[in-house]
Amino acid sequence: MPPLPSSSLPRTTAATNFPASLWTSGLTALLLLTTVVTLNYRIDPYFLHQWDSPLLKRMSPAQPKLSPWIKTYAAYRYQPDVVFLGSSRTEIGLPVDLAFFPGKKVLNLSLSGGSIGDSLTMLQHTSFFHRPETIVWGLEYGPLFQNNNGNSDLTPNLIAHDQWYGLRRFWMHIKRTLAMDMSIASWNILTGQSEQICLPIMATHGHKPTRCLVKIMADEGGTAKAFAAIMNEEEYPETPPPFAPVMEALDAAIGDYCQQGTTIRLFIQPLHALNELYWQKRSGRDMDNWKRELSTMTDKRQQQGCDIRLMDFGGINPVTTEEIPQASGKEMRYYWEHSHYSSEAGTMLMHRLFATPQAATSPDFGVLLQPDTIEQHLEQQRQARIAYCQRYPRETVKLQSKVE
Amino acid sequence: MVFNSFPFIFIFLPLTLAGFFLLGRKGRPWAASGLTLASLVFYGWWDYRYLPLLLLSVSLNYWAGHRILQTAHAVTRKRWLILALSINLLLLAFFKYVDFFLQSINGVASQNFPLLHIIMPLGISFFSFTQIAFVVDAYYGKIQKISFFPYLAFATYFPYIVSGPILDYKEMAPQLTAPAADTAAVQCLSSKSENIARGLALFVCGLAKKILIADNLIPLVSPAFSDHNPQLIQVWLGLLAYSFQLYFDFSGYSDMAIGVSRMMGIDIPLNFNSPYKATSISDFWQRWHISLSRFLRNYLYIPLGGNRCGSFNRYRNLMLTMLLGGLWHGANWTFVVWGGLHGLYLCIQHGWQAIRPASTQKPSLLTRLSYRTLTLLAVLLAWCFFRAPNVSTALQVLAGMIGMNGISWPGDVEPFTLIVLAGSAFLAFFLPNSQEIFFTPLPVVPPTMPSQTNNPATAIVPLRWSANWQWGLATGIVFTLCVLNLNRIAGFIYVQF
């Protein structure tokens, strides 16, 4: 059998050069890597460890990178008393107005693509340092009502579970700075080539700034184009997962926080009426049952003395039925597109949710969901959907065929 | 744990090397024991629950080997051999193929046997084959003496266990049991530096192949094999990209394994020798996954009868060897087709050579180029099945290759990816391979392998590593680039086999 060529080699001459070669390699790598780490850590192009620093005045690109990194770190450092949870709708729609919660530290911990599982994870994370006194939680029927991870950047190592979290995060940040994408971003900042659109997300306590949204919508083709997608049924290809196991997890978490005296405000997201029609067409009964279950769960906790409310801002109401822009591209007052509402709508929602004096200015926006009134509410919504379809036959032509 | 990760590069490897050299002061057996511990940590890092399986496999094979060596009675020896082979093949069949067989039975006989969804233990194909070779060699008297701890160090040796190369106990044992006077631990400082410098440079070269080349080709590959009715240009770009991705991914891993071993003064088999410079299919198999080729030849093809029992049996043995070699890669009919195609190529080549024996004269450049092109086309065609998730997708891709789905330029191709593709083609076709660069001259060249001097392409850019500051600087820069791309981890392709 012929021997396989092996990696053995004859000992070569000039052995004295080997240590020098090794030192050159090592020192070169050490020098370069140290430079990159120092530069990227100092510049922090993605604002990974900026939660309350002057760097937050630096303008950033419209789409923040690694939001879960930013928000988990901010939760660790800021230790908020009030947290907002949910998906990108809450991140975009709910501005952190500190006047609502005087003297309290407020943080919007919602994540783009964030599922219920992600919200629970964020809640567990922030509670590790300081249990929030108030939770404001945006819920929505659909693919994000699930226990699985929705935002793929929210990895388990970002979540606190021991006292070494700070040290671990420091190491993680050092590791993350050793990356080509971050080095290019730092270089672009140093050379003035980076996109400077809006303030970073932590400058507004986790709420995505409006200027970022203006740019994103312009890049995506505008509000009218986004509405065309839902009218042509091109959104949400997947079927919503069964909600029962998620409801169980949600109920357990709420029960836990209720026992600790936490104030909980749940709300069903004010998605545009066309979005509501879309889901009603696909799984109307399931969606109604989902609302019933939520109201039963909330009622049960209320009976136990919990300070909890559930309001439905979705369905058909004066805000969600705002006229959509036609091809001319007129922007909307309450919506960026069919599933993302504006800060103005979000502010109204907060007034209604916390029953402030200004809540009276929009009395038809948001309905308190309770088991004894929910059937009436669902029937009213059914009628309202029919009326909406009759009023907007062109917009709803593809969505109304099986509506009622 | 994988080679292309922070924990391996910055924690595991430095600690293992330090431990190896410190323990080595007491002798190579001590160093080998430290190495075993490191290997078990390396393996257990993936999933510690599979460590008992690995240790069970190693213990059973050692026991069988030990019994074979201790027994003079031929029948008893044979029984031990059969027992050991059965255990290895049963483990492999259970963990790797049981769902495949159930699926096949369900498909053919319209049954509905539930699948077991067994998680395949990491590296089972490699440590099983390595140990099969060991017991067979023990049976044939090629191994005279074994002891448990060096065997444990050999069978669990971390550089090979995930993706090879398939090791040979006869080559490894002397390096793990050498008396203290011969060990790297007592080598002079400069000799140790040489090992580390050369090994590190080779490790970095492998890392760069994986991270800077193979991983950057993925965007070209995926669409060709996932789109319905892929078009001509998309398919050719995808297939070429996959050919280079696979080569740089797997040879990158092998380079890293050889480099890490070299740092410890241990030699393991080479696995690649510029396979895309091959001028025939048999030449290709002497350059591609060389340790598997050797295993298949020595432990399957020759025991089947090799070329000793006439032409028909020779062709039958070739086909069987390649079909089983294909199946070894994975539990999918695509791998069987891939192996079958290579078996067919080899039969055609041998048939052709029987009709028209090779001329004694050196072929012209044009002839050699045409041989290389033909070989490459045949290999590409077979890769199509190797990469496709199923045979019907592979057939779609083949249809795309001849333009049956249209020929338009794919819209989402990044110029950077095309540059990487062109660069990888240049590296594979015209540059010397990593062994030629880092081990000068090529150490042991068997008669079946073309030497460098017979290979015109390697001479175009004659790169040779030497211990000087320029190479040191280049190694440091390339290493930095690799580290800066470590956050986009893509698994090694051969890990799944």
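Residues numbered from 1 in each chain as written. Chains lettered and ligands numbered in written order. Predicted model: local features only at pLDDT ≥ 70, side-chain atom pairs only at ≥ 80, totals over all residues.

Examining the overall build of chain A
Here comes step 1: Broken down by element type, chain A carries twelve helices and eight strands.
Here comes step 2: Along the first, second and third principal axes, the C-alpha set of chain A runs to 90 × 60 × 50 Å.
Here comes step 3: When the 404 residues of chain A are sorted by exposure, 44% land in the buried category.
Here comes step 4: Long-range pairs, those at least 24 residues apart, make up 80% of the contacts in chain A between residues at least 6 apart in sequence. (Helix = DSSP H or I, 4+ residues; strand = E, 2+ residues; numbered from the N terminus. Buried ≥ 20, exposed ≤ 12 C-beta atoms within 10 Å, placed from the backbone. Contact = placed C-beta atoms within 7 Å.)

Regarding the sheet that holds strand S1 (residues 82-85) of chain A
All names here are of chain A.
Here comes step 1: Spatially, six strands are ordered S2-S1-S3-S4-S5-S8 in an open sheet, and the strand pairing comes out mixed. For this open sheet the edge positions go to strand S2 (106-108) and strand S8 (367-368), each flanked by a neighbour on one side alone.
Here comes step 2: Strand direction decides the pairing type here: S1 and S2, joined by three bridges, are parallel. Note on S2: the bridge partner recorded for Val83 is Leu107.
Here comes step 3: On top of the sheet, helix H10 (residues 273-303) reaches strand S3 (134-139), strand S4 (263-268) and strand S5 (308-312); it is set at about 160° to S5, its chief contact. (Pairing = 2+ DSSP bridges. Axes fitted to C-alpha atoms, helices over the stretch in contact; angles between N-to-C directions.)

Side note on unusual backbone geometry
Here comes step 1: Positive phi values are uncommon outside glycine, yet His205(A) reaches one of about 55°.
Here comes step 2: Classification of His205(A) as buried rests on a count of 22 C-beta atoms within 10 Å.
Here comes step 3: In this structure, His117(B) is a non-glycine residue whose phi angle is positive, near 50°.
Here comes step 4: Along the polypeptide, His117(B) turns up in the loop between helix H4 (74-109) and helix H5 (124-139).
Here comes step 5: On the basis of neighbour counts, which here come to 7 C-beta atoms within 10 Å, the residue His117(B) falls in the exposed class.

Overview of the pairing of S3(A)
Residue and element names in this part refer to chain A.
Here comes step 1: Along S3, six of the six residues are buried, which leaves the element largely enclosed by surrounding structure.
Here comes step 2: On S3, burial covers both faces: Thr134, Val136 and Gly138 on one face and Ile135, Trp137 and Leu139 on the other are all buried.
Here comes step 3: The pairing of S3 with S4 spans six bridges and is parallel. Its bridge partner lying in S4, Gly138 is registered against Phe267.

Details of the nonpolar core
Here comes step 1: By size, the foremost hydrophobic cluster in this structure holds 139 residues, and its most contacted members are Val135(B), Phe154(B) and Val204(B).
Here comes step 2: A per-element tally of this core places helix H11 (residues 232-263) of chain B first, with 17 residues.
Here comes step 3: In this structure, this core is formed jointly by two domains, domain 1 (6-186) and domain 2 (197-496) of chain B, each of which donates at least three residues.
Here comes step 4: Ignoring any residue separated from it by four or fewer positions in sequence, one finds Phe154(B) in contact with Leu167(B), Tyr169(B), Met172(B), Ala173(B) and Leu176(B).
Here comes step 5: Counting residues in each nonpolar core, the second largest holds 82 residues, with Ala185(A), Phe227(A), Met311(A) and Ala345(A) among its members. (Core = buried A, V, L, I, M, F, W, Y, C linked by C-beta atoms within 7 Å. Domains from an automatic or database assignment.)

Remarks on the environment of Gly206(A)
Here comes step 1: By secondary structure assignment, the location of Gly206(A) is in the loop between helix H6 (180-190) and helix H7 (210-220).
Here comes step 2: Judged by local crowding, Gly206(A) falls into the buried class, with 27 C-beta atoms found within 10 Å.

Some remarks on the environment of Arg265(A)
Residue and element names in this part refer to chain A.
Here comes step 1: On the secondary structure map, Arg265 appears in strand S4.
Here comes step 2: Overall, Arg265 belongs to the buried group, with 20 C-beta atoms counted inside 10 Å.
Here comes step 3: Sequence separation between Arg265 and Trp137 is 128 residues; the distance between their C-alpha atoms is 6.2 Å.
Here comes step 4: If we skip the residues at most four places from it in the chain, Arg265 touches Val136, Trp137, Arg309, Leu353 and Phe354.

Some details on the packing of helix H1 (residues 6-24) of chain B against helix H2 (residues 28-47) of chain B
Residue and element names in this part refer to chain B.
Here comes step 1: The interhelical angle for the contact between H1 and H2, taken along N-to-C directions, is 160°, at an axis separation of 7 Å. In terms of their interaxial angle, H1 and H2 are classed as roughly antiparallel. For the crossing formed where H1 meets H2, the hand is right-handed. Here Phe12, Thr16, Gly19, Phe20, Leu23 and Gly24 of H1 come into contact with H2, specifically with Arg28, Trp30, Ala31, Ser33, Gly34, Leu35, Ala38 and Phe42. (Parallel < 35°, antiparallel > 145°, perpendicular 65-115°, else oblique. Left-handed = near helix turned anticlockwise from the far one by under 90°.)

Examining the domain arrangement of chain B
A common way to express how large an interface is: the accessible area buried when the components associate.
All names here are of chain B.
Here comes step 1: Each assigned domain of chain B is listed with its residue range as follows: domain 1 (6-186) and domain 2 (197-496).
Here comes step 2: If you average the C-alpha positions of domain 1 and of domain 2, the two centres end up 26 Å apart.
Here comes step 3: Counting residues at the interface gives 25 residues for domain 1 and 24 residues for domain 2.
Here comes step 4: Elements supplying a minimum of two residues to the side of domain 1 that touches domain 2: H1, H4, H5 and helix H7 (158-161).

Observations regarding helix H8 (residues 169-177) of chain B
Here comes step 1: The complete set of buried residues in H8(B) reads Tyr169(B), Met172(B), Ala173(B), Gln175(B), Leu176(B) and Thr177(B).
Here comes step 2: In this structure, the buried side of H8(B) is in contact with H2, H5 and helix H6 (148-155) of chain B.

A word on helix H9 (residues 244-259) of chain A
Residues and elements named next belong to chain A.
Here comes step 1: The first and last C-alpha atoms of H9 sit 23 Å apart over 16 residues, in line with the 22 Å expected at 1.5 Å per residue.
Here comes step 2: Val246, Leu250, Ile254 and Tyr257 are the residues of H9 that are buried. When H9 is viewed along its axis, its buried side chains cluster within an angular range of 60° and face the same direction. Across from the buried face of H9, at angles greater than 90 degrees, the exposed residues are Ala244, Pro245, Glu248, Ala252 and Gln259.
Here comes step 3: Summarising the contacts, the buried residues of H9 are in contact with helix H4 (116-129), S3, S4, H10 and S5. (Expected span 1.5 Å × (residues − 1). Arc of directions from axis to C-beta.)

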